[in-house]
Structure formats: structure tokens, C-alpha cells
Amino acid sequence: MLLGIWYCWGGVVEAQEVVTPQPMKPAVTDFKEAMPPAPENGILDLAELFKTEDKKALEAKLKQFRDQENFQIYIAAYTFVYGEDSNQRAERLSGQWLIGRQGAVIVYDKGGTGSAAVMGMAWRQDDARELPPRTVKGILLSAKAASEENAEAPPSERLQAAVAELMRGYSRVRPLIDEHHQAARRSQWKILGCVFGIMLLALAILSFTQRFQKKLAQKDAESYLFPHAEIAARYGAPYGGGVVVQMHYGTKGE
């Protein structure tokens, strides 16, 4: 399920943030139930599906995966999800629990029957959106299929199977994410290089302009000393009168 597609001139730009394995139906308009805060251990077991030792083992597994891969997986188990199906609940929880991060939320609805999905999932990408939506959807569908392989297994085991498949799926696409990060860093360095070059060019132009203005100011401030000139009438010249010019530089006798 793709949420949010922006159309621009010349093509379609995907502004996808959340992916679910199945299309979500509109939630009830008067639904007001507030979402709980994100569990620190990664598991919200309101349906009491997990035994203490199983829960601790799964908590440790989620923490280790989060620390190694920077990918957070949450599990929320409800006795009954009111007003929406488990995919919708997973999408809403991911909107609060995974703000600015990449991760997934698995919701198990113990009372889900009929058209309501018993197990719902939502994958929220961070702002970089490294993976295509179809790739994410494929991972979610594989995780859902893993949880349904053994329909007779307890819900806790089915959830653990879904988590294990999610982790395997993320590990398979991790090289794509790393390549995306490297390409993003290269692009950033190119942009920084262009900005730095423009700054150097601007500084060079500014320095040249300042030197030119300084030279103009110095030239305007220069003064010149002209010699004293005495001009007297001159008569008897072969072709008419004229003048005699005497120019003195300094004091006589020097």
C-alpha cells in the first residue's frame, strides 16, 4: 500500500513513507483511541502472548538487530483492535513510533476475524527513502507468509517467524541501502565542492574589485608640482613678434 504520491511536470515523484502488505480500508471517522508510547523493549504485549523467557529472548534479538542494522522492529499484540484492522493500526503506530527513522511495526489482533487481518504490518522509511515501495512490500509479504506457514503454531511463534523473516529481508537489501547512502554522500560532496568553488570565485572577484578601487583612490589623491614660468614679450624676430619663456626649477644658484 503506497501512501502519498506527488505528481510533478514530466513524471511521477513517489513521496512514499509507509508500506503495508495489503491495501488499507478507511478507518472509522469517529475513532479516537490514542496510541500508546513506543515500548522501550520493542514489544507491546497487551494480549499476553509471550512467556517471560520467550519475551526476554525476543527483546534481546530486537535490540541486537537495531544496534547492528539501525533498523527498529516493534511488535504490538492486542486482544482486540477496535475501529480499524491490524494494518491500519500498524500504520498509525509507525507514524508515532518511527518518526524520522526506518523500521517496521507488526500488529497482532487476537480478536481479528473475517475481513479483519489478524496480523498487520507497516514499514516506514526515513526521509532518504532508500528502497522502492515494491521491494519493501515484497519483504512484508514474505514475513506475513512466514507467519502463516504453521497455522497451528501459537501466536508468539508466528510473530517470531515474521520478525525473523523481516530481519532476513532487510539484510538482503542492506547493500542497496549502503549504495544509496554512498551515492548521497558523493552527491553532497559534489554540491559542497560547487559551493566552495563559487565562494572562492566570489572572494577573488571581491579582492580584485577592492584592489582596483584602492588604486583609483590613490591616483585621485596624487598631486603634481609644476615649475614657475615667466613669459615676456619678444620683438625683432624674423617673422614677427613672439614671447620668451623662462622656467625656473628651485632657487637660483642651487
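Not measured: the values here are computed from a predicted model.

Participant: I would appreciate a short explanation of the side chain of R89 in the present structure.
Facilitator: Along the chain, R89 turns up in helix α2 (residues 86–97). Looking at R89, its side chain comes within polar contact range of the side chain of E84, at 2.5 Å.

Participant: Please clarify how α2 should be interpreted in this entry.
Facilitator: Along an α-helix, a turn takes 3.6 residues, which lines up residues three or four apart on a common side. Taking 1.5 Å per residue as the helical rise, α2 with its twelve residues ought to reach 16 Å, and the 16 Å between its terminal C-alpha atoms agrees with that figure. In terms of residue burial, α2 counts as a mostly covered element, since nine of its twelve residues are buried. Among all positions of α2, only S86, N87, Q88, R89, A90, E91, L93, S94 and W97 are buried. The inward-facing, buried residues of α2 contact β3 (18–19), β4 (43–45), β5 (72–78), β6 (103–109) and β7 (119–124). Between a side-chain oxygen at the N-terminus of α2 and the backbone nitrogen of N87 the separation is 3.0 Å; the capping residue is D85.

Participant: Which parts of the structure should I look at to understand the pairing of β6?
Facilitator: The side chains of a regular strand alternate, first on one face of the sheet and then on the other. Here β6 lies mainly inside the structure; seven of its seven residues are buried. The pairing of β5 with β6 spans seven bridges and is parallel. Looking at β6, one finds that I75 is bridged to I106. This β-α-β element, β5 to α2 to β6, shows right-handed connectivity. Inspection of the sheet shows β6 paired to β7 by six bridges, in the antiparallel sense. By the bridge assignment for β7, V105 is matched with A122.

Participant: Could you clarify how one ought to interpret the confidence of the model for the chain in this entry?
Facilitator: For residues with low pLDDT, the predicted coordinates do not support detailed interpretation. The predicted model of the chain averages 76 in pLDDT, with 65% of residues at 70 or higher. In the predicted structure, residues 1–16 sits below a pLDDT of 50 and forms 32 contacts with residues beyond four places in sequence or in another chain.

Participant: Would you mind going over the packing of aromatic side chains with me for this structure?
Facilitator: Two aromatic rings are characterised by how far apart their centres lie and by the angle between their planes. Under the definition given, this model contains six aromatic pairs. Note on F65 and F71: the rings are 6.2 Å apart at their centroids and 85° apart in plane angle, and the pair reads as edge-to-face. Judged by relative accessible area, which is 8%, F65 ranks as buried. Both rings, one in W123 and one in Y170, keep their centres 6.2 Å apart while their planes meet at 35°; by these two values the pair is tilted. Linking W123 in strand β7 with Y170 in helix α4 (residues 155–221), this pair joins segments that are 47 residues apart in sequence. Taken as a pair, W123 and Y170 share a single burial class, namely buried.

Participant: Got a minute to help me understand the sheet that holds β4 in this structure?
Facilitator: To summarise the sheet geometry, strands pair through backbone hydrogen bonds and adopt either a parallel or an antiparallel arrangement. Spatially, the five strands line up as an open sheet ordered β3-β7-β6-β5-β4, and their pairing is mixed. Of all the strands in the sheet, just β3 and β4 have a single pairing partner and so form its edges. Both β4 and β5 contribute to a ladder of three bridges, which runs parallel. Residue I43 lies in a different strand from β5, and its bridge partner there is I75. Each of β4 and β5 is contacted by helix α1 (residues 52–69), which is oriented at about 150° to β4, the strand it contacts most. Packing against the sheet, α2 makes contact with β3, β4, β5, β6 and β7, and its axis sits at approximately 35° to β7.

Participant: Would you take a moment to explain a nonpolar patch on the surface for this structure?
Facilitator: Taken together, the side chains of I191, V195 and M199 define a hydrophobic patch exposed on the protein surface, amounting to about 280 Å² of accessible area. By the secondary structure assignment, M199 is in helix α4.

Procedures and definitions
Residues numbered from 1 in each chain as written. Predicted model: local features only at pLDDT ≥ 70, side-chain atom pairs only at ≥ 80, totals over all residues. Heavy atoms only, no water. Helix = DSSP H or I, 4+ residues; strand = E, 2+ residues; numbered from the N terminus. Polar contact = N/O pair within 3.5 Å; in protein donor to acceptor, adjacent residues only side chain to side chain. Expected span 1.5 Å × (residues − 1). Buried < 20%, exposed > 50% of the residue type's maximum accessible area, 1.4 Å probe, protein only. Contact = heavy atoms within 4.5 Å. Pairing = 2+ DSSP bridges. Right-handed = clockwise from strand over helix to strand, strands pointing away. pLDDT = per-residue confidence, 0-100. Phe/Tyr/Trp six-rings, centres within 6.5 Å; stacked < 30°, edge-to-face > 60°. Axes fitted to C-alpha atoms, helices over the stretch in contact; angles between N-to-C directions. Patch = residues over 30% accessible without salt bridge, like charges linked within 9 Å, V, L, I, M, F, W, Y side chains within 5 Å. Areas by Shrake-Rupley, 256 points an atom, 1.4 Å probe, with all protein chains shown as cover. Salt bridge = Lys/Arg side-chain N within 4 Å of Asp/Glu carboxyl O.

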